[in-house]
Amino acid sequence: ASGSYHPFYNGFYYNHIMNDMGNGQDKDYFNGARLVVETSKDPVYSYNGANVTLPCHYRFEPDLGDKRKIRIKWSKLRDDYTKEQDVAVAIGKTYVAFGDFKGRAHIHRASRHEASLVISDVHLKDEGKYRCEVIDGLEDESDVVDLRLQGIVFPYQPPRGQYRLNFHEAEQVCQDQGAILANFNQLFQAWSEGLDWCNAGWLADGTVQYPIRLPRKPCGGVHLAPGIRSYGPRHRHLHRFDAFCFSSALRGEVFYLDRLAGMTLEEAKQSCQDAGAEIARVGHLYSAWKFLGLDRCSAGWLADGSVRYPIVNPRPNCGPSEPGVRSFGFPSKGRFGVFCYKER
(Lines give C-alpha, C1' and ligand atoms only; values in the text may rest on other atoms or scores of the structure.)
Protein backbone atom coordinates (compact mmCIF):
# COMPACT_ATOMS: atom_id res chain seq x y z
CA ALA A 1 0.00 0.00 0.00
CA SER A 2 2.86 2.38 0.71
CA GLY A 3 3.90 2.06 -2.94
CA SER A 4 0.52 3.22 -4.18
CA TYR A 5 -0.02 6.63 -5.69
CA HIS A 6 -2.92 7.27 -3.31
CA PRO A 7 -2.22 8.27 0.32
CA PHE A 8 -2.23 5.29 2.64
CA TYR A 9 -4.87 5.23 5.40
CA ASN A 10 -4.80 2.45 7.97
CA GLY A 11 -8.18 3.25 9.58
CA PHE A 12 -6.78 4.57 12.87
CA TYR A 13 -5.61 8.03 13.90
CA TYR A 14 -3.19 8.58 16.74
CA ASN A 15 -1.83 11.55 18.61
CA HIS A 16 1.72 11.16 19.92
CA ILE A 17 2.11 13.07 23.20
CA MET A 18 4.33 13.05 26.26
CA ASN A 19 2.84 11.42 29.34
CA ASP A 20 2.40 13.31 32.61
CA MET A 21 4.77 11.16 34.67
CA GLY A 22 7.79 13.35 33.99
CA ASN A 23 9.93 10.34 33.08
CA GLY A 24 10.33 11.15 29.38
CA GLN A 25 8.37 8.09 28.28
CA ASP A 26 5.98 8.56 25.39
CA LYS A 27 2.45 7.33 24.89
CA ASP A 28 0.22 7.23 21.86
CA TYR A 29 -3.44 8.14 22.17
CA PHE A 30 -6.22 7.90 19.61
CA ASN A 31 -7.29 11.46 18.88
CA GLY A 32 -10.21 10.88 16.49
CA ALA A 33 -8.81 13.21 13.80
CA ARG A 34 -7.83 12.22 10.30
CA LEU A 35 -4.54 13.43 8.78
CA VAL A 36 -4.80 14.38 5.09
CA VAL A 37 -1.80 15.15 2.86
CA GLU A 38 -2.23 16.75 -0.57
CA THR A 39 0.18 17.64 -3.37
CA SER A 40 -0.33 18.90 -6.92
CA LYS A 41 -2.33 16.44 -9.02
CA ASP A 42 -0.82 17.92 -12.19
CA PRO A 43 2.90 17.63 -12.98
CA VAL A 44 5.10 20.54 -11.93
CA TYR A 45 7.26 21.75 -14.83
CA SER A 46 10.70 23.33 -14.54
CA TYR A 47 13.98 23.42 -16.44
CA ASN A 48 17.71 22.95 -15.92
CA GLY A 49 19.23 25.56 -13.57
CA ALA A 50 15.89 26.95 -12.36
CA ASN A 51 14.37 26.97 -8.87
CA VAL A 52 11.17 25.00 -8.35
CA THR A 53 8.65 24.47 -5.54
CA LEU A 54 6.86 21.13 -5.17
CA PRO A 55 3.67 22.00 -3.26
CA CYS A 56 2.51 19.93 -0.31
CA HIS A 57 -0.06 20.76 2.37
CA TYR A 58 -1.62 18.76 5.17
CA ARG A 59 -4.63 19.16 7.46
CA PHE A 60 -6.53 17.39 10.19
CA GLU A 61 -10.19 16.49 9.92
CA PRO A 62 -11.53 17.84 12.21
CA ASP A 63 -9.00 20.63 12.73
CA LEU A 64 -7.08 20.11 15.96
CA GLY A 65 -5.74 23.66 16.14
CA ASP A 66 -2.06 24.21 16.84
CA LYS A 67 -0.09 20.98 16.91
CA ARG A 68 3.28 19.92 18.19
CA LYS A 69 6.22 19.61 15.85
CA ILE A 70 5.18 17.48 12.89
CA ARG A 71 7.85 15.46 11.08
CA ILE A 72 8.00 16.02 7.30
CA LYS A 73 9.96 13.81 4.94
CA TRP A 74 10.51 14.09 1.17
CA SER A 75 11.78 11.17 -0.91
CA LYS A 76 12.48 10.74 -4.61
CA LEU A 77 10.77 7.68 -6.06
CA ARG A 78 11.31 5.22 -8.86
CA ASP A 79 8.64 4.84 -11.53
CA ASP A 80 7.09 1.98 -9.53
CA TYR A 81 6.74 4.34 -6.53
CA THR A 82 9.36 2.56 -4.41
CA LYS A 83 11.88 4.83 -2.72
CA GLU A 84 14.98 5.79 -4.66
CA GLN A 85 16.63 8.31 -2.32
CA ASP A 86 15.99 10.55 0.68
CA VAL A 87 15.74 14.24 -0.21
CA ALA A 88 15.02 16.18 2.99
CA VAL A 89 13.56 15.82 6.50
CA ALA A 90 12.21 18.57 8.76
CA ILE A 91 10.90 18.87 12.30
CA GLY A 92 9.67 22.33 13.10
CA LYS A 93 12.06 24.84 11.60
CA THR A 94 14.96 22.41 11.61
CA TYR A 95 15.65 20.48 8.41
CA VAL A 96 18.40 18.48 6.75
CA ALA A 97 18.90 17.63 3.07
CA PHE A 98 20.66 14.52 1.81
CA GLY A 99 23.08 13.50 -0.93
CA ASP A 100 23.06 15.55 -4.09
CA PHE A 101 20.26 17.70 -2.63
CA LYS A 102 22.48 19.12 0.13
CA GLY A 103 22.63 22.89 -0.30
CA ARG A 104 19.89 22.77 -2.97
CA ALA A 105 16.75 21.59 -1.16
CA HIS A 106 14.79 22.83 1.83
CA ILE A 107 11.27 22.44 3.18
CA HIS A 108 9.17 25.59 2.95
CA ARG A 109 6.64 26.14 5.75
CA ALA A 110 5.25 29.62 5.15
CA SER A 111 1.81 28.66 6.52
CA ARG A 112 0.77 26.46 9.40
CA HIS A 113 0.03 23.36 7.34
CA GLU A 114 2.53 23.78 4.50
CA ALA A 115 5.24 21.20 3.81
CA SER A 116 6.41 22.19 0.31
CA LEU A 117 9.84 21.25 -1.05
CA VAL A 118 11.99 23.91 -2.71
CA ILE A 119 14.77 22.72 -5.04
CA SER A 120 17.31 25.28 -6.22
CA ASP A 121 19.51 24.98 -9.31
CA VAL A 122 17.49 22.10 -10.76
CA HIS A 123 19.62 19.34 -12.31
CA LEU A 124 18.62 17.17 -15.27
CA LYS A 125 18.46 14.07 -13.09
CA ASP A 126 16.06 15.76 -10.63
CA GLU A 127 13.11 14.91 -12.88
CA GLY A 128 10.83 12.28 -11.40
CA LYS A 129 8.27 11.51 -8.71
CA TYR A 130 8.59 12.86 -5.17
CA ARG A 131 6.72 11.72 -2.07
CA CYS A 132 5.70 14.22 0.60
CA GLU A 133 5.26 12.31 3.87
CA VAL A 134 3.81 13.84 7.05
CA ILE A 135 4.29 11.95 10.31
CA ASP A 136 2.33 12.70 13.50
CA GLY A 137 3.14 10.11 16.13
CA LEU A 138 1.96 6.78 14.79
CA GLU A 139 0.02 8.41 11.99
CA ASP A 140 1.81 8.61 8.67
CA GLU A 141 0.21 9.94 5.48
CA SER A 142 1.73 10.87 2.12
CA ASP A 143 1.06 11.98 -1.43
CA VAL A 144 3.14 12.12 -4.62
CA VAL A 145 3.98 14.97 -6.99
CA ASP A 146 5.62 14.62 -10.41
CA LEU A 147 8.47 16.99 -11.39
CA ARG A 148 9.09 17.20 -15.13
CA LEU A 149 11.71 19.19 -16.98
CA GLN A 150 11.13 21.07 -20.20
CA GLY A 151 13.67 19.63 -22.58
CA ILE A 152 14.50 17.85 -25.79
CA VAL A 153 15.42 14.25 -26.64
CA PHE A 154 18.00 13.61 -29.33
CA PRO A 155 19.44 10.33 -30.65
CA TYR A 156 23.18 9.93 -30.44
CA GLN A 157 25.72 7.72 -32.18
CA PRO A 158 29.43 7.95 -31.34
CA PRO A 159 32.06 8.65 -34.01
CA ARG A 160 32.81 4.94 -34.44
CA GLY A 161 29.32 4.19 -35.77
CA GLN A 162 25.95 2.62 -35.09
CA TYR A 163 25.22 0.28 -32.17
CA ARG A 164 28.58 0.60 -30.40
CA LEU A 165 27.46 1.58 -26.89
CA ASN A 166 26.64 -0.60 -23.91
CA PHE A 167 24.40 0.97 -21.26
CA HIS A 168 27.20 2.50 -19.20
CA GLU A 169 28.91 3.93 -22.26
CA ALA A 170 25.57 5.39 -23.37
CA GLU A 171 25.24 7.11 -19.98
CA GLN A 172 28.71 8.58 -20.40
CA VAL A 173 28.28 9.85 -23.97
CA CYS A 174 25.07 11.64 -23.01
CA GLN A 175 26.85 13.24 -20.06
CA ASP A 176 29.70 14.26 -22.37
CA GLN A 177 27.14 16.06 -24.55
CA GLY A 178 25.66 18.10 -21.68
CA ALA A 179 22.72 15.71 -21.30
CA ILE A 180 21.56 12.53 -19.54
CA LEU A 181 19.99 9.32 -20.81
CA ALA A 182 16.32 9.99 -21.53
CA ASN A 183 13.57 8.17 -19.67
CA PHE A 184 10.50 6.66 -21.30
CA ASN A 185 8.22 9.61 -20.54
CA GLN A 186 10.70 11.97 -22.17
CA LEU A 187 10.99 9.76 -25.25
CA PHE A 188 7.22 9.45 -25.49
CA GLN A 189 6.85 13.22 -25.29
CA ALA A 190 9.45 13.64 -28.02
CA TRP A 191 7.60 11.08 -30.19
CA SER A 192 4.32 12.94 -29.69
CA GLU A 193 6.10 16.10 -30.88
CA GLY A 194 7.32 14.39 -34.04
CA LEU A 195 10.51 12.45 -33.28
CA ASP A 196 10.89 9.55 -35.73
CA TRP A 197 14.08 7.49 -35.45
CA CYS A 198 14.61 3.95 -36.72
CA ASN A 199 17.73 3.11 -34.69
CA ALA A 200 17.23 1.57 -31.25
CA GLY A 201 18.77 3.33 -28.29
CA TRP A 202 19.27 2.94 -24.54
CA LEU A 203 16.94 4.64 -22.05
CA ALA A 204 17.67 5.43 -18.41
CA ASP A 205 15.87 2.32 -17.10
CA GLY A 206 18.10 -0.04 -19.10
CA THR A 207 15.52 -0.75 -21.79
CA VAL A 208 16.16 -0.28 -25.51
CA GLN A 209 13.47 1.46 -27.56
CA TYR A 210 12.93 3.71 -30.57
CA PRO A 211 10.14 6.09 -31.74
CA ILE A 212 8.35 5.63 -35.07
CA ARG A 213 5.91 8.13 -36.54
CA LEU A 214 5.86 6.68 -40.06
CA PRO A 215 5.74 2.85 -40.07
CA ARG A 216 8.08 1.29 -42.64
CA LYS A 217 9.62 -2.08 -43.36
CA PRO A 218 13.07 -1.64 -41.72
CA CYS A 219 11.47 -0.19 -38.56
CA GLY A 220 9.23 -2.97 -37.29
CA GLY A 221 7.16 -3.37 -40.45
CA VAL A 222 4.54 -1.38 -42.32
CA HIS A 223 1.61 -3.06 -40.56
CA LEU A 224 2.48 -1.92 -37.04
CA ALA A 225 0.88 1.29 -35.78
CA PRO A 226 3.06 4.33 -35.04
CA GLY A 227 4.48 4.33 -31.53
CA ILE A 228 7.46 3.46 -29.36
CA ARG A 229 9.02 0.15 -30.39
CA SER A 230 10.65 -1.69 -27.50
CA TYR A 231 13.32 -4.38 -27.25
CA GLY A 232 12.69 -4.47 -23.49
CA PRO A 233 15.49 -4.63 -20.89
CA ARG A 234 18.91 -5.59 -22.28
CA HIS A 235 22.18 -6.70 -20.72
CA ARG A 236 23.85 -3.47 -19.62
CA HIS A 237 27.37 -4.70 -20.31
CA LEU A 238 27.05 -7.06 -23.27
CA HIS A 239 24.43 -5.56 -25.55
CA ARG A 240 25.21 -2.52 -27.70
CA PHE A 241 22.92 0.10 -29.19
CA ASP A 242 22.75 3.87 -29.70
CA ALA A 243 21.55 6.30 -27.02
CA PHE A 244 18.63 8.65 -26.56
CA CYS A 245 19.85 11.68 -24.63
CA PHE A 246 17.82 14.37 -22.86
CA SER A 247 18.86 18.00 -22.53
CA SER A 248 16.97 20.88 -20.96
CA ALA A 249 17.00 24.67 -21.36
CA LEU A 250 20.43 26.33 -21.30
CA ARG A 251 22.02 28.49 -18.64
CA GLY A 252 23.90 30.38 -21.33
CA GLU A 253 23.98 31.02 -25.07
CA VAL A 254 25.22 29.30 -28.19
CA PHE A 255 26.79 31.43 -30.92
CA TYR A 256 28.52 30.81 -34.23
CA LEU A 257 32.05 31.81 -35.28
CA ASP A 258 33.63 31.48 -38.69
CA ARG A 259 36.67 32.41 -40.73
CA LEU A 260 36.85 33.00 -44.44
CA ALA A 261 38.78 29.77 -44.97
CA GLY A 262 37.00 27.84 -42.22
CA MET A 263 38.73 26.07 -39.31
CA THR A 264 39.99 22.67 -38.30
CA LEU A 265 38.54 21.17 -35.13
CA GLU A 266 41.53 22.28 -33.05
CA GLU A 267 41.39 25.80 -34.48
CA ALA A 268 37.65 25.87 -33.74
CA LYS A 269 38.21 24.96 -30.09
CA GLN A 270 40.82 27.69 -29.77
CA SER A 271 38.52 30.27 -31.38
CA CYS A 272 35.83 29.57 -28.77
CA GLN A 273 38.39 29.89 -25.96
CA ASP A 274 39.61 33.19 -27.40
CA ALA A 275 35.99 34.40 -27.28
CA GLY A 276 35.72 33.51 -23.57
CA ALA A 277 33.62 30.42 -24.27
CA GLU A 278 33.95 26.69 -24.93
CA ILE A 279 33.12 24.69 -28.02
CA ALA A 280 29.45 23.69 -27.79
CA ARG A 281 28.31 20.15 -27.11
CA VAL A 282 25.57 18.39 -29.03
CA GLY A 283 23.09 18.90 -26.18
CA HIS A 284 23.83 22.63 -26.17
CA LEU A 285 23.05 22.90 -29.88
CA TYR A 286 19.77 20.96 -29.63
CA SER A 287 18.65 23.04 -26.64
CA ALA A 288 19.54 26.32 -28.35
CA TRP A 289 17.64 25.18 -31.44
CA LYS A 290 14.49 24.27 -29.49
CA PHE A 291 14.40 26.86 -26.71
CA LEU A 292 16.28 29.84 -28.16
CA GLY A 293 15.27 29.49 -31.79
CA LEU A 294 18.84 29.17 -33.04
CA ASP A 295 18.70 29.02 -36.84
CA ARG A 296 21.93 28.84 -38.84
CA CYS A 297 22.37 27.46 -42.33
CA SER A 298 26.12 27.15 -41.82
CA ALA A 299 27.79 23.97 -40.60
CA GLY A 300 29.94 24.16 -37.49
CA TRP A 301 32.15 21.97 -35.34
CA LEU A 302 30.95 20.62 -31.99
CA ALA A 303 32.97 19.26 -29.07
CA ASP A 304 32.56 15.59 -30.06
CA GLY A 305 34.10 16.20 -33.48
CA SER A 306 30.79 16.22 -35.32
CA VAL A 307 29.67 18.95 -37.71
CA ARG A 308 26.04 20.08 -37.47
CA TYR A 309 23.77 23.05 -37.97
CA PRO A 310 20.30 24.00 -36.59
CA ILE A 311 17.36 24.95 -38.82
CA VAL A 312 14.17 26.47 -37.39
CA ASN A 313 12.85 27.83 -40.69
CA PRO A 314 13.49 25.32 -43.52
CA ARG A 315 14.57 26.90 -46.80
CA PRO A 316 16.34 25.94 -50.04
CA ASN A 317 19.93 24.68 -49.70
CA CYS A 318 19.50 24.09 -45.95
CA GLY A 319 18.51 20.43 -45.93
CA PRO A 320 15.11 18.73 -45.59
CA SER A 321 11.79 20.54 -45.50
CA GLU A 322 11.32 19.95 -41.75
CA PRO A 323 12.96 21.90 -38.91
CA GLY A 324 15.77 20.08 -37.13
CA VAL A 325 19.45 19.79 -36.36
CA ARG A 326 21.27 18.61 -39.49
CA SER A 327 24.40 16.49 -39.24
CA PHE A 328 27.44 16.04 -41.50
CA GLY A 329 28.70 13.22 -39.27
CA PHE A 330 32.29 13.18 -38.00
CA PRO A 331 34.52 14.38 -40.86
CA SER A 332 38.20 13.52 -40.46
CA LYS A 333 39.12 16.44 -42.67
CA GLY A 334 37.54 19.70 -43.66
CA ARG A 335 37.26 23.27 -42.51
CA PHE A 336 34.06 24.64 -41.02
CA GLY A 337 32.80 27.27 -38.64
CA VAL A 338 32.19 26.47 -34.97
CA PHE A 339 29.35 26.69 -32.46
CA CYS A 340 30.51 28.03 -29.09
CA TYR A 341 28.77 27.96 -25.72
CA LYS A 342 29.09 30.55 -22.97
CA GLU A 343 27.35 30.42 -19.63
CA ARG A 344 25.68 33.56 -18.37
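Every value quoted in this text rests on a predicted model; they were computed, and no experiment measured them.

(A) Structural context of the pairing of strand β14 (residues 151-156). β14 sits mainly inside the fold: six of its six residues count as buried. Neither face of β14 is left uncovered, since the one carrying G151, V153 and P155 and the one carrying I152, F154 and Y156 both have all their residues buried. Bridge count between β14 and strand β19 (residues 242-248): six bridges; the pairing is antiparallel. The residue of β19 that forms the bridge with P155 is F244.

(B) Spatial organisation of the layout of surface pockets. Volume-wise, the largest pocket comes out at about 1,100 Å³. Together, 40 residues line the largest pocket, and L124, K125, D126, I180 and L181 are the ones closest to its centre. Split by residue class, the lining of the largest pocket holds 12 nonpolar, 12 polar and 16 charged. One number sums up the size of the second largest pocket: a volume of about 800 Å³. Lining the second largest pocket are 27 residues, with L195, W197, Y286, G324 and V325 positioned closest to its centre. Those elements that provide at least two residues to the lining of the second largest pocket are β14, α4 (282-291) and β24 (324-327). At five residues, β14 tops the list of elements feeding residues into the lining of the second largest pocket. Residue composition of the lining of the second largest pocket, grouped by class: 15 nonpolar, six polar and six charged.

(C) Broad picture of the sheet that holds strand β10 (residues 105-108). The sheet built from three strands is open, its strands ordered β5-β11-β10 with antiparallel pairing. Because the sheet does not close on itself, it has two edges, and the strands there are β5 (52-54) and β10. In this sheet, neighbouring strand axes are inclined to one another by 25° on average, regardless of whether the strands run parallel or antiparallel. The sheet contact formed by β5 and strand β11 (residues 116-119) spans three bridges and is antiparallel. Bridge pairing in β11 places V52 opposite I119.

(D) Fine view of the sheet that holds strand β13 (residues 139-149). As summarised here, the arrangement of the six strands in space is β4-β13-β12-β7-β8-β9, forming an open sheet in which the pairing is mixed. The open sheet has two free edges, formed respectively by β4 (44-46) and β9 (94-97), since each of these has just one partner strand. Shown here is a sheet whose adjacent strand axes are inclined to one another by a mean of 25°, direction ignored. Here strand β8 (residues 83-91) runs beside β9; their pairing, made up of four bridges, is antiparallel. Looking across to β9, one finds that A88 is bridged to A97.

(E) Quick look at helix α3 (residues 265-274). Listed as buried for α3 are A268, S271 and C272. Buried residues in α3, looked at end-on, bunch into an arc of 100°, giving them a common side. Opposite its buried face, α3 presents the exposed residues E266, Q273 and D274, each directed more than 90 degrees away. Buried residues in α3 make contact with β20 (252-257), β21 (278-279), β22 (300-301) and β25 (337-343). Following α3 by one or two positions, G276 has its phi on the positive side, about 75°.

Definitions and cut-offs
Residues numbered from 1 in each chain as written. Predicted model: local features only at pLDDT ≥ 70, side-chain atom pairs only at ≥ 80, totals over all residues. Heavy atoms only, no water. Buried < 20%, exposed > 50% of the residue type's maximum accessible area, 1.4 Å probe, protein only. Helix = DSSP H or I, 4+ residues; strand = E, 2+ residues; numbered from the N terminus. Pairing = 2+ DSSP bridges. 1 Å grid on protein atoms, 1.4 Å probe; cavity = no way out; pocket = protein on both sides within 12 Å on 5 of 7 lines; lining within 4 Å. Points joined across faces, edges and corners; volume = space filled by probe spheres on them. Nonpolar A, V, L, I, M, F, W, Y, C, P; charged D, E, K, R; others polar. Axes fitted to C-alpha atoms, helices over the stretch in contact; angles between N-to-C directions. Arc of directions from axis to C-beta. Contact = heavy atoms within 4.5 Å.

The analysis is restricted to geometry; functional conclusions fall outside its scope.
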